[in-house]
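Secondary and tertiary structure notes
Now for the letters of each chain:
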Amino acid sequence: MWIAFEKMSKYYLNYLEQLESEAIHIMREVAGQFEKPALLFSGGKDSITLVRLAEKAFRPGKFPFPLVHIDTGHNFPEALNYRDKLVAELGEKLIVRKVEDTIRTKKLTEPKGKFASRNALQTFTLLDTIEEFKFDACIGGARRDEEKARAKERIFSVRDEFGQWDPKLQRPELWNIYNGKIHKGENVRVFPISNWTELDVWNYIKKEEIKLPSIYFAHERECVVTSENQLVAVSHFIRIDANDKIVKKKVRYRTVGDMTCTAAVESNASNIDEVVKEIEASRISERGETRIDDQVSEAAMEDRKKGGYF
(Lines give C-alpha, C1' and ligand atoms only; values in the text may rest on other atoms or scores of the structure.)
Protein backbone atom coordinates (compact mmCIF):
# COMPACT_ATOMS: atom_id res chain seq x y z
CA MET A 1 0.00 0.00 0.00
CA TRP A 2 2.78 2.44 0.92
CA ILE A 3 4.66 1.69 -2.31
CA ALA A 4 1.50 2.44 -4.34
CA PHE A 5 1.01 5.72 -2.47
CA GLU A 6 4.65 6.68 -3.05
CA LYS A 7 4.29 5.99 -6.78
CA MET A 8 1.15 8.15 -6.94
CA SER A 9 2.92 10.97 -5.09
CA LYS A 10 5.77 10.87 -7.60
CA TYR A 11 3.31 10.81 -10.48
CA TYR A 12 1.43 13.83 -9.15
CA LEU A 13 4.65 15.73 -8.60
CA ASN A 14 5.61 15.03 -12.21
CA TYR A 15 2.14 16.15 -13.31
CA LEU A 16 2.55 19.44 -11.45
CA GLU A 17 5.96 19.86 -13.04
CA GLN A 18 4.38 19.38 -16.47
CA LEU A 19 1.75 22.02 -15.72
CA GLU A 20 4.43 24.35 -14.41
CA SER A 21 6.57 23.83 -17.51
CA GLU A 22 3.63 24.57 -19.82
CA ALA A 23 2.75 27.74 -17.90
CA ILE A 24 6.35 28.98 -17.94
CA HIS A 25 6.49 28.32 -21.70
CA ILE A 26 3.31 30.40 -22.15
CA MET A 27 4.73 33.24 -20.02
CA ARG A 28 7.85 33.33 -22.15
CA GLU A 29 5.77 33.24 -25.33
CA VAL A 30 3.96 36.34 -24.08
CA ALA A 31 7.27 38.09 -23.42
CA GLY A 32 8.53 37.11 -26.86
CA GLN A 33 5.45 37.89 -28.94
CA PHE A 34 4.04 41.05 -27.38
CA GLU A 35 5.44 44.55 -26.92
CA LYS A 36 3.45 45.68 -23.87
CA PRO A 37 2.06 42.81 -21.82
CA ALA A 38 0.68 43.02 -18.27
CA LEU A 39 -0.16 40.52 -15.54
CA LEU A 40 -3.59 41.01 -13.97
CA PHE A 41 -3.18 40.63 -10.21
CA SER A 42 -5.95 40.56 -7.60
CA GLY A 43 -4.27 39.11 -4.53
CA GLY A 44 -6.16 35.84 -5.06
CA LYS A 45 -4.55 32.39 -5.09
CA ASP A 46 -4.59 32.03 -8.90
CA SER A 47 -2.87 35.34 -9.58
CA ILE A 48 -0.44 34.60 -6.72
CA THR A 49 0.38 31.35 -8.52
CA LEU A 50 0.97 33.33 -11.73
CA VAL A 51 3.46 35.53 -9.91
CA ARG A 52 5.42 32.49 -8.73
CA LEU A 53 5.41 31.14 -12.30
CA ALA A 54 6.66 34.52 -13.56
CA GLU A 55 9.49 34.35 -11.03
CA LYS A 56 10.49 30.94 -12.38
CA ALA A 57 10.20 32.15 -15.97
CA PHE A 58 12.21 35.37 -15.66
CA ARG A 59 14.32 35.54 -12.50
CA PRO A 60 16.97 36.70 -11.79
CA GLY A 61 15.83 39.40 -14.21
CA LYS A 62 12.86 41.74 -13.75
CA PHE A 63 9.44 40.76 -15.01
CA PRO A 64 8.88 41.93 -18.61
CA PHE A 65 5.49 43.29 -17.54
CA PRO A 66 3.90 45.21 -14.66
CA LEU A 67 1.32 43.79 -12.27
CA VAL A 68 -2.08 45.43 -12.80
CA HIS A 69 -4.89 45.46 -10.25
CA ILE A 70 -8.36 46.63 -11.24
CA ASP A 71 -9.61 47.67 -7.81
CA THR A 72 -13.39 47.56 -7.31
CA GLY A 73 -13.16 49.25 -3.92
CA HIS A 74 -15.05 46.30 -2.40
CA ASN A 75 -12.01 44.11 -1.78
CA PHE A 76 -11.19 42.06 1.28
CA PRO A 77 -8.61 44.01 3.33
CA GLU A 78 -6.59 40.82 3.78
CA ALA A 79 -6.15 40.53 0.00
CA LEU A 80 -5.07 44.17 -0.40
CA ASN A 81 -2.58 43.91 2.45
CA TYR A 82 -1.14 40.77 0.90
CA ARG A 83 -0.93 42.47 -2.52
CA ASP A 84 1.07 45.40 -1.19
CA LYS A 85 3.39 43.21 0.87
CA LEU A 86 4.10 40.85 -2.02
CA VAL A 87 4.80 43.66 -4.50
CA ALA A 88 7.20 45.27 -2.02
CA GLU A 89 9.05 41.95 -1.60
CA LEU A 90 9.22 41.37 -5.36
CA GLY A 91 10.38 44.88 -6.20
CA GLU A 92 8.12 44.84 -9.26
CA LYS A 93 5.87 47.58 -10.64
CA LEU A 94 2.22 47.62 -9.58
CA ILE A 95 -0.41 49.62 -11.46
CA VAL A 96 -3.72 50.13 -9.65
CA ARG A 97 -6.76 51.58 -11.37
CA LYS A 98 -9.99 52.06 -9.42
CA VAL A 99 -13.51 51.27 -10.58
CA GLU A 100 -14.76 54.12 -8.40
CA ASP A 101 -12.82 56.61 -10.54
CA THR A 102 -14.38 55.12 -13.69
CA ILE A 103 -17.87 55.38 -12.20
CA ARG A 104 -17.26 59.06 -11.52
CA THR A 105 -15.59 60.03 -14.81
CA LYS A 106 -17.90 58.02 -17.06
CA LYS A 107 -20.98 58.73 -14.93
CA LEU A 108 -21.79 55.03 -14.75
CA THR A 109 -24.81 53.76 -12.86
CA GLU A 110 -23.63 51.74 -9.89
CA PRO A 111 -25.57 48.50 -9.26
CA LYS A 112 -28.13 48.70 -6.48
CA GLY A 113 -29.42 46.08 -4.11
CA LYS A 114 -28.40 44.18 -1.03
CA PHE A 115 -25.35 42.44 -2.48
CA ALA A 116 -24.55 44.93 -5.24
CA SER A 117 -21.30 44.04 -6.98
CA ARG A 118 -19.02 46.24 -9.06
CA ASN A 119 -17.58 43.22 -10.87
CA ALA A 120 -19.39 44.02 -14.12
CA LEU A 121 -18.08 47.59 -13.99
CA GLN A 122 -14.51 46.29 -13.82
CA THR A 123 -14.73 45.83 -17.58
CA PHE A 124 -14.88 49.58 -18.18
CA THR A 125 -11.86 50.20 -15.95
CA LEU A 126 -9.90 47.34 -17.49
CA LEU A 127 -10.52 48.51 -21.05
CA ASP A 128 -9.58 52.07 -20.08
CA THR A 129 -6.38 50.78 -18.47
CA ILE A 130 -5.50 48.75 -21.56
CA GLU A 131 -6.00 51.88 -23.67
CA GLU A 132 -4.05 54.09 -21.25
CA PHE A 133 -0.95 51.91 -21.24
CA LYS A 134 -1.41 50.40 -24.72
CA PHE A 135 -1.25 46.86 -23.36
CA ASP A 136 -1.43 44.30 -26.15
CA ALA A 137 -1.65 41.24 -23.87
CA CYS A 138 -3.09 40.74 -20.39
CA ILE A 139 -2.16 37.62 -18.44
CA GLY A 140 -4.95 36.31 -16.22
CA GLY A 141 -5.45 33.45 -13.79
CA ALA A 142 -8.65 31.96 -15.23
CA ARG A 143 -8.99 28.18 -15.18
CA ARG A 144 -11.31 25.99 -17.24
CA ASP A 145 -12.83 24.25 -14.22
CA GLU A 146 -14.01 27.52 -12.65
CA GLU A 147 -17.07 28.18 -14.78
CA LYS A 148 -18.62 26.99 -18.08
CA ALA A 149 -17.71 30.10 -20.05
CA ARG A 150 -14.07 29.82 -18.95
CA ALA A 151 -13.92 26.36 -20.53
CA LYS A 152 -14.74 27.80 -23.97
CA GLU A 153 -11.71 30.04 -24.10
CA ARG A 154 -8.33 29.48 -25.70
CA ILE A 155 -5.04 30.09 -23.86
CA PHE A 156 -4.35 33.01 -26.23
CA SER A 157 -7.80 34.61 -26.40
CA VAL A 158 -8.12 37.50 -28.86
CA ARG A 159 -10.25 40.56 -28.07
CA ASP A 160 -11.32 42.94 -30.83
CA GLU A 161 -10.69 46.69 -30.89
CA PHE A 162 -13.69 47.18 -28.59
CA GLY A 163 -12.37 44.65 -26.07
CA GLN A 164 -15.05 42.11 -26.98
CA TRP A 165 -14.70 38.33 -27.13
CA ASP A 166 -16.47 36.12 -29.65
CA PRO A 167 -16.51 32.45 -28.55
CA LYS A 168 -17.21 31.38 -32.14
CA LEU A 169 -14.14 33.09 -33.56
CA GLN A 170 -11.17 31.54 -31.80
CA ARG A 171 -7.83 30.39 -33.11
CA PRO A 172 -6.74 26.75 -33.06
CA GLU A 173 -3.91 25.96 -30.67
CA LEU A 174 -2.15 22.85 -31.96
CA TRP A 175 1.06 21.35 -30.57
CA ASN A 176 1.47 24.19 -28.03
CA ILE A 177 1.81 26.77 -30.78
CA TYR A 178 0.25 30.09 -29.79
CA ASN A 179 -0.58 32.76 -32.35
CA GLY A 180 -0.19 36.24 -30.91
CA LYS A 181 -0.57 38.18 -34.15
CA ILE A 182 -3.18 40.90 -33.77
CA HIS A 183 -4.38 43.97 -35.62
CA LYS A 184 -3.95 47.47 -34.25
CA GLY A 185 -6.34 48.08 -31.37
CA GLU A 186 -6.84 44.38 -30.59
CA ASN A 187 -5.40 42.69 -27.52
CA VAL A 188 -5.00 39.17 -26.21
CA ARG A 189 -5.98 37.71 -22.85
CA VAL A 190 -3.55 34.96 -21.92
CA PHE A 191 -4.35 32.16 -19.45
CA PRO A 192 -1.19 30.19 -18.51
CA ILE A 193 -3.02 28.03 -15.94
CA SER A 194 -6.02 27.32 -18.14
CA ASN A 195 -5.30 23.58 -17.95
CA TRP A 196 -5.02 23.58 -14.15
CA THR A 197 -7.76 22.72 -11.68
CA GLU A 198 -8.43 24.25 -8.27
CA LEU A 199 -6.82 21.17 -6.74
CA ASP A 200 -3.75 21.57 -8.96
CA VAL A 201 -3.35 25.16 -7.79
CA TRP A 202 -3.52 24.17 -4.14
CA ASN A 203 -1.09 21.28 -4.60
CA TYR A 204 1.30 23.63 -6.39
CA ILE A 205 0.99 26.19 -3.59
CA LYS A 206 1.81 23.39 -1.15
CA LYS A 207 4.77 22.18 -3.21
CA GLU A 208 6.18 25.72 -3.56
CA GLU A 209 5.37 26.67 0.05
CA ILE A 210 3.63 29.84 -1.11
CA LYS A 211 2.07 32.01 1.58
CA LEU A 212 -1.53 33.10 1.01
CA PRO A 213 -3.90 35.70 2.47
CA SER A 214 -5.36 34.46 5.75
CA ILE A 215 -8.95 34.38 4.42
CA TYR A 216 -8.16 31.18 2.50
CA PHE A 217 -7.99 29.34 5.82
CA ALA A 218 -10.59 28.79 8.53
CA HIS A 219 -11.35 31.78 10.74
CA GLU A 220 -14.36 33.14 12.61
CA ARG A 221 -16.40 35.80 10.82
CA GLU A 222 -19.81 37.39 11.15
CA CYS A 223 -21.88 36.58 8.09
CA VAL A 224 -25.29 37.34 6.64
CA VAL A 225 -27.23 34.24 5.62
CA THR A 226 -28.65 34.74 2.13
CA SER A 227 -31.91 33.32 0.78
CA GLU A 228 -29.81 30.54 -0.79
CA ASN A 229 -28.18 29.83 2.59
CA GLN A 230 -24.86 31.27 1.49
CA LEU A 231 -22.66 33.09 3.98
CA VAL A 232 -21.65 36.64 3.00
CA ALA A 233 -19.31 38.56 5.30
CA VAL A 234 -20.83 41.46 7.20
CA SER A 235 -19.25 44.66 5.88
CA HIS A 236 -20.18 48.28 5.25
CA PHE A 237 -20.47 47.42 1.54
CA ILE A 238 -23.74 45.49 2.01
CA ARG A 239 -27.09 46.65 3.33
CA ILE A 240 -28.07 45.01 6.60
CA ASP A 241 -31.85 44.79 7.06
CA ALA A 242 -33.69 44.31 10.33
CA ASN A 243 -34.84 40.82 9.42
CA ASP A 244 -31.43 39.60 8.28
CA LYS A 245 -30.03 36.56 10.02
CA ILE A 246 -26.51 37.30 11.24
CA VAL A 247 -24.38 34.34 12.36
CA LYS A 248 -20.83 33.91 13.55
CA LYS A 249 -19.29 30.94 11.78
CA LYS A 250 -15.91 29.38 11.23
CA VAL A 251 -15.38 29.87 7.49
CA ARG A 252 -12.83 30.15 4.74
CA TYR A 253 -12.92 31.46 1.16
CA ARG A 254 -12.37 29.37 -1.95
CA THR A 255 -12.14 32.42 -4.21
CA VAL A 256 -11.57 36.12 -3.60
CA GLY A 257 -13.80 38.69 -5.29
CA ASP A 258 -15.92 41.59 -4.09
CA MET A 259 -16.97 41.29 -0.47
CA THR A 260 -20.50 41.97 -1.70
CA CYS A 261 -20.77 38.91 -3.94
CA THR A 262 -18.31 36.33 -2.63
CA ALA A 263 -19.68 33.81 -0.17
CA ALA A 264 -17.64 31.92 2.40
CA VAL A 265 -17.84 28.19 3.06
CA GLU A 266 -18.05 26.66 6.51
CA SER A 267 -14.71 25.04 7.23
CA ASN A 268 -12.28 23.92 9.89
CA ALA A 269 -9.39 23.73 7.40
CA SER A 270 -6.58 25.71 9.00
CA ASN A 271 -3.72 24.54 6.77
CA ILE A 272 -3.08 23.55 3.15
CA ASP A 273 -3.37 19.79 3.74
CA GLU A 274 -6.82 20.22 5.26
CA VAL A 275 -7.91 22.55 2.45
CA VAL A 276 -6.77 19.97 -0.15
CA LYS A 277 -8.86 17.28 1.56
CA GLU A 278 -11.94 19.52 1.46
CA ILE A 279 -11.45 20.28 -2.24
CA GLU A 280 -10.99 16.59 -3.04
CA ALA A 281 -14.34 15.88 -1.39
CA SER A 282 -16.18 18.79 -3.07
CA ARG A 283 -18.33 18.24 -6.15
CA ILE A 284 -19.10 21.93 -6.75
CA SER A 285 -16.75 24.39 -8.46
CA GLU A 286 -15.47 27.27 -6.37
CA ARG A 287 -17.39 29.90 -8.35
CA GLY A 288 -20.49 27.71 -8.45
CA GLU A 289 -20.51 27.53 -4.68
CA THR A 290 -19.39 31.00 -3.69
CA ARG A 291 -19.88 33.64 -6.42
CA ILE A 292 -23.33 35.22 -6.20
CA ASP A 293 -22.86 37.36 -9.32
CA ASP A 294 -22.31 34.25 -11.47
CA GLN A 295 -25.74 32.96 -10.50
CA VAL A 296 -27.73 35.86 -11.97
CA SER A 297 -28.21 33.71 -15.07
CA GLU A 298 -26.61 30.66 -16.68
CA ALA A 299 -24.84 32.91 -19.17
CA ALA A 300 -23.81 35.63 -16.67
CA MET A 301 -20.07 35.05 -16.98
CA GLU A 302 -20.15 34.56 -20.75
CA ASP A 303 -22.08 37.80 -21.23
CA ARG A 304 -19.52 39.70 -19.16
CA LYS A 305 -16.64 38.11 -21.07
CA LYS A 306 -18.17 39.04 -24.42
CA GLY A 307 -18.16 42.64 -23.20
CA GLY A 308 -14.49 42.60 -22.21
CA TYR A 309 -14.42 41.02 -18.73
CA PHE A 310 -11.35 39.05 -17.59
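Data block above holds the structure.
Overview of the structure. (Residues numbered from 1 in each chain as written. Predicted model: local features only at pLDDT ≥ 70, side-chain atom pairs only at ≥ 80, totals over all residues. Heavy atoms only, no water.)

1. Comments concerning the overall build of the protein
If you tally the helices and strands in the protein, you get nine helices and ten strands. In the protein, buried positions account for 51% of the 310 residues. In the protein, once contacts between residues fewer than 6 apart in sequence are set aside, the share between residues at least 24 apart is 73%. (Helix = DSSP H or I, 4+ residues; strand = E, 2+ residues; numbered from the N terminus. Buried < 20%, exposed > 50% of the residue type's maximum accessible area, 1.4 Å probe, protein only. Contact = heavy atoms within 4.5 Å.)

2. Overview of the sheet that holds strand β1 (residues 37-40)
Taken together, the six strands give an open sheet; going across it, the order is β3-β2-β1-β4-β6-β5, and neighbouring strands pair in mixed fashion. If you trace the sheet from one side to the other, it starts and ends with β3 (94-98) and β5 (156-159), each paired once. Going across the sheet, the axis of each strand differs from the next one's by a mean of 30 degrees, ignoring polarity. One ladder, built from four bridges, connects β5 with strand β6 (residues 187-190); its direction is antiparallel. Each bridged residue has a counterpart across the sheet, and for Ser157 the counterpart in β6 is Arg189. (Pairing = 2+ DSSP bridges. Axes fitted to C-alpha atoms, helices over the stretch in contact; angles between N-to-C directions.)

3. Side note on the packing of aromatic side chains
This model, assessed by the stated rule, comprises nine aromatic pairs. Here Phe34 and Phe156 contribute two aromatic rings whose centre-to-centre distance is 5.7 Å and whose plane-to-plane angle is 50 degrees, an arrangement assigned as tilted. In this pair, Phe34 is assigned in the loop between α1 (2-33) and β1 and Phe156 in strand β5, connecting sequence segments 122 residues apart. The buried category is assigned to Phe34, whose relative accessible area is 6%. Summarising the aromatic geometry, the rings of Trp196 and Tyr204 are spaced 5.2 Å apart at their centres and angled 80 degrees between planes, so their arrangement reads as edge-to-face. (Phe/Tyr/Trp six-rings, centres within 6.5 Å; stacked < 30°, edge-to-face > 60°.)

4. Some details on a nonpolar patch on the surface
Taken together, Leu174, Trp175 and Ile177 make up a surface patch of nonpolar side chains, about 410 Å² in accessible area. Considering the arrangement of structural elements, one finds Trp175 in the loop between β5 and β6. (Patch = residues over 30% accessible without salt bridge, like charges linked within 9 Å, V, L, I, M, F, W, Y side chains within 5 Å. Areas by Shrake-Rupley, 256 points an atom, 1.4 Å probe, with all protein chains shown as cover. Salt bridge = Lys/Arg side-chain N within 4 Å of Asp/Glu carboxyl O.)

5. Structural notes on helix α7 (residues 272-281)
For α7, the set of buried residues is Ile272, Val275, Val276 and Ile279. Taken end-on, α7 shows its buried residues confined to a sector of 100 degrees, consistent with a single buried face. Away from its buried face, by an angle of more than 90 degrees, α7 presents the exposed residues Lys277 and Ala281. In this structure, the buried side of α7 is in contact with α6 (198-208) and β9 (246-252). At the N-terminal boundary of α7, the capping side chain belongs to Asn271, with an oxygen 3.2 Å from the backbone nitrogen of Asp273. (Arc of directions from axis to C-beta. Polar contact = N/O pair within 3.5 Å; in protein donor to acceptor, adjacent residues only side chain to side chain.)

6. Brief notes about the pattern of salt bridges
A side chain with one charge can pair with a side chain of the opposite charge if their charged atoms come near. In this structure the tally under the stated criterion is 24 salt bridges. When the shortest N-O distance is used, the salt bridge between Lys134 and Glu131 registers 2.6 Å. Counted as one network, the salt bridges with shared partners bring together Glu20, Arg52, Glu55, Lys56, Lys207 and Glu208.

7. Overview of the packing of α6 against α7
The interhelical angle for the contact between α6 and α7, taken along N-to-C directions, is 165 degrees, at an axis separation of 10 Å. By the angle between their directions, the pair α6 and α7 is classed as roughly antiparallel. As for the relative orientation of α6 and α7, their crossing is left-handed in sense. Contact residues: α6 offers Glu198, Leu199, Trp202, Asn203, Ile205 and Lys206, while α7 offers Ile272, Asp273, Val275, Val276, Ile279 and Glu280. Grouping the constituent residues of the contact of α6 with α7 by class yields seven nonpolar, one polar and four charged. (Parallel < 35°, antiparallel > 145°, perpendicular 65-115°, else oblique. Left-handed = near helix turned anticlockwise from the far one by under 90°. Nonpolar A, V, L, I, M, F, W, Y, C, P; charged D, E, K, R; others polar.)

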